[in-house]
Amino acid sequence: MAHPIDVEIVAADRKVFSGTAGSVTVPGIDGYFGVLAGHAPLISALAIGIVELRAHEAGVPQLFAVAGGFVEVTPEKVTILADAAEAPAEIDAERARLAAERAEERLRAPEPGIDVTRAQASLLRALNRLRLIGQYGK
Amino acid sequence: MLSTRDIQRKIRTVRNIQQICRAMKTVSSIKLRKAEERIRAARPYADALAAVVARLAGDDVTHPLLEQRDVRRAGVVAISADKGLAGSYNTNVVREALRLVRAQPDTLTVPIGRKMADTFRKLGFPTEAVISPVGPTPEFRTYAALADQIGEAYIAGTVDRVQLIFTQFNVGIVTQQLLPIVPQAGDEAYRDFIFEPGQELILEQLLPRYLRTLVYTAVLSAVAAEHAARVSAMSLATENADDLIGKLTMDYNKSRQAAITGELGDIVGAAEALR
C-alpha cells in the first residue's frame, strides 16, 4: 500500500466523506471487492453493505453504511455515489430498529398490496445500519 | 388636503409596514443562505453522476430513457413558489410555463409549487402529478419518486418528450429537456472501463438516478431563486417606504406650518379688531 487513493463518498443530498485511504473495500452488486491505488478503471453497481476505508493494512477501518448506487474507480480515485450513505455516528439506532421491525412484520404476514421486494430492501438497509453500529450480530 | 393628524397616522402606518418588509427581508436572506447550502450539498453527487452519464453516452448505448421519438404528446414540468411577495418571480415563470404548455396541444403537465399548481388547475391542464406546496425544505425522496413516475410515463409512451421549466438561481428562467435524456458530451468515453455487471445494466441503474438529480437540483435552485427574489423585492419595498415617509413628513411639516400661520393670522386679526 504504497500510495494512498482519493476517496469520495457522496449521497444524493450531501457529501459524506472526502479524503484519502490506503485501501477501500466496497460492497459491489456481485460481492465485496477491494480497491488500491492504480486499480483498473471500473464502474460497478453497489449493493447494500458497508464501505471500509483503511489508512494502512493494520489500521482501524473507517466504516460507512451504503445502500445502492454506484462506485466509479479510476487509478487515482474512488467515487462512491450512494443512494444513502452514513457514518456510524450519523445512524439513528432507534429509527433503524423500528424500520427493521416494521419490514419484518410486513414480510411475515404479507398483505395483498404490499411490495415484498421493497419491504425486503428496507429490511436489508435497516439491518445494514444496525450492523454498522454493532447492534446486530457481526 | 389631509389634516395634520391624518398625516401623522399615515406616517406611522408606513413605518409599520416598512418594519414588516425589513423583517421579511431578513428572514428570506436566512432562508436563501440555507437554500444555497443545500445546493452546495447536492452538487458533488449531481456532478459526479453527470460526468459518468456523459462518459457512458460517449459509447454506443441504448436505453428507453435515451430513445428519441416523434413528439405526439409533450410533457412539461414547471416549478414556481408557494407564496407571493417575491417581486415578479412567480409571474415570470408562470407566464413562460404557459407559453410552453400551450405550444403543443394536450400537453401533460407536472406543476410544482402552489402558484403553478393553482394556475394549471384553473386552466384545466391535464396533470400527471402535482407537488403543492413545495414546502420550506425540499426532500430528495419526494422528487426522486416524482422523477421515477415521470420516467415511467416516458417509457410507457404516455409522453414523448418532457421539458423542465424553472427559475435557476443566479441565472433566470431556464427551459431544459428532461426526457429523452441528452447527456452533455463528455471529454473521454469509458472505452477501457470494466463494467460490473455489464454496461447495459449499469445504464439501467444510472439513468433513473440521473433523472432524479435533474429534478431535485432544479427544485433546489428554484427555491434559492425564490428567496433571492424575495430579498430584493423586500429591500426595494423598504426603500420605497423610506421615500414615502420622507414625502409624508414634508407634507406634515407644511400642514403644521399652515396651521400655525393661520392661527397667527387670526390672532393678529383679532388684535387689530380690538384696537
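Residues numbered from 1 in each chain as written. Chains lettered and ligands numbered in written order. Predicted model: local features only at pLDDT ≥ 70, side-chain atom pairs only at ≥ 80, totals over all residues.

Draft legend 1. The nonpolar core, seen in detail. One finds A:I80 and B:V219 to be the most contacted residues of the largest nonpolar core, which totals 98 residues. Per-element accounting of this core gives the leading share, 21 residues, to helix α5 (residues 199-274) of chain B. Aside from chain neighbours lying at most four places away, what touches A:I80 is A:E8, A:I9, A:V26, A:V51, A:V66, A:G69, A:V71 and A:A85. (Core = buried A, V, L, I, M, F, W, Y, C linked by C-beta atoms within 7 Å. Buried ≥ 20, exposed ≤ 12 C-beta atoms within 10 Å, placed from the backbone. Helix = DSSP H or I, 4+ residues; strand = E, 2+ residues; numbered from the N terminus. Contact = placed C-beta atoms within 7 Å.)

Draft legend 2. Looking closely at the sheet that holds strand β4 (residues 172-179) of chain B. All names here are of chain B. If you trace the four strands from one edge of the open sheet to the other, you get β2-β1-β3-β4, paired in mixed fashion. Strand pairing shows two members of the sheet lacking a second neighbour, β2 (108-112) and β4, which therefore form its edges. Strand after strand, the sheet turns through a mean of 15° between neighbouring axes, direction not considered. Bridging between strand β3 (residues 161-168) and β4 involves seven bridges; their strand directions are antiparallel. Of the residues in β4, the one forming a bridge with F166 is V174. The sheet contacts of α5 involve β1 (74-79), β2, β3 and β4, and relative to β3 the element is tilted by about 30°. (Pairing = 2+ DSSP bridges. Axes fitted to C-alpha atoms, helices over the stretch in contact; angles between N-to-C directions.)

Draft legend 3. Representation of unusual backbone geometry. Residues and elements named next belong to chain B. Cis geometry marks the peptide bond from S132 to P133, where omega comes out at 0°. Cis rather than trans, the peptide bond between L179 and P180 has omega equal to -5°. Tracing the chain through its elements places P180 in the loop between β4 and β5 (194-196). With a phi close to 60°, D106 is a non-glycine residue in the positive phi region. Structurally, D106 is set in the loop between α2 (89-102) and β2.

Draft legend 4. Fine view of the interface of chain B and chain A. Contacts between the two partners involve 21 residues from chain B and, on the opposite side, 20 residues from chain A. Contributing elements (two or more residues each) for the side of chain B that touches chain A: α1 (4-57), β5 and α5 of chain B. Examining the composition of the side of chain B that touches chain A, we find that seven residues originate from one element, α1(B), more than from any other. For the side of chain B that touches chain A, the per-class residue count stands at 17 nonpolar, two polar and two charged. Pairing between strand β5 (residues 42-54) of chain A and β5(B): three bridges, direction parallel. (Nonpolar A, V, L, I, M, F, W, Y, C, P; charged D, E, K, R; others polar.)

Draft legend 5. Region of interest: the packing of α2(B) against helix α3 (residues 114-123) of chain B. All names here are of chain B. Contact geometry for α2 and α3: axes closest at 10 Å, N-to-C directions at 40°. Judged on the interaxial angle alone, α3 and α2 are oblique. In the packing of α2 onto α3, the handedness of the crossing is right-handed. Within the contact between the two elements, α2 uses N90, V94 and A97 and α3 uses K115, M116 and T119. Partitioning the contact of α2 with α3 into residue classes produces three nonpolar, two polar and one charged. (Parallel < 35°, antiparallel > 145°, perpendicular 65-115°, else oblique. Left-handed = near helix turned anticlockwise from the far one by under 90°.)

Draft legend 6. Inspection of the packing of helix α4 (residues 140-155) of chain B against α5(B) at higher detail. Residue and element names in this part refer to chain B. Their axes nearest at 8 Å, the elements α4 and α5 cross at an angle of 125°. Regarding the angle of α4 to α5, the classification is oblique. For the pair α4 and α5, the sense of crossing is right-handed. Side by side, α4 and α5 meet where F140, Y143, A144, L146, A147, D148 and G151 of the first sit next to P208, L211, R212, V215, Y216 and V219 of the second. Residue classes in the contact of α4 with α5 are distributed as ten nonpolar, one polar and two charged.

Draft legend 7. Representation of α3(B). By the burial criterion, the buried members of α3(B) are B:K115, B:M116, B:A117, B:T119 and B:F120. Of the residues flanking the end of α3(B), it is B:G124, one or two places downstream, whose phi is positive at about 70°.

Draft legend 8. Seen up close, the pairing of β2(B). All names here are of chain B. Counted residue by residue, β2 has five buried out of five residues, so it is predominantly covered. Here β2 shows no split at all, with L108, V110 and I112 on one side and T109 and P111 on the other all buried. Direction of pairing for β1 relative to β2: parallel, over a ladder of five bridges. Residue V77 lies in a different strand from β2, and its bridge partner there is V110. A crossover connection joins β1 to the parallel β2 through α2; in handedness this β-α-β unit is right-handed. (Right-handed = clockwise from strand over helix to strand, strands pointing away.)

Draft legend 9. Structural view of helix α1 (residues 93-108) of chain A. Residue and element names in this part refer to chain A. With 16 residues, α1 extends 22 Å from end C-alpha to end C-alpha; this agrees with the ideal 22 Å at 1.5 Å per step. Turning to α1, its buried residues are A96, A100 and A103. Down the axis of α1, the buried side of the element spans an arc of 70°, and every buried residue falls inside it. The exposed residues of α1 that point more than 90 degrees off its buried face are E94, R95, L98, E101, E105 and R108. (Expected span 1.5 Å × (residues − 1). Arc of directions from axis to C-beta.)

Draft legend 10. Seen up close, the domain arrangement of chain A. All names here are of chain A. Domain boundaries in chain A define domain 1 (5-88) and domain 2 (91-132). Using only C-alpha atoms to locate each centre, domain 1 and domain 2 end up separated by 24 Å. Listed per partner, the contact involves eight residues of domain 1 and six residues of domain 2. (Domains from an automatic or database assignment.)

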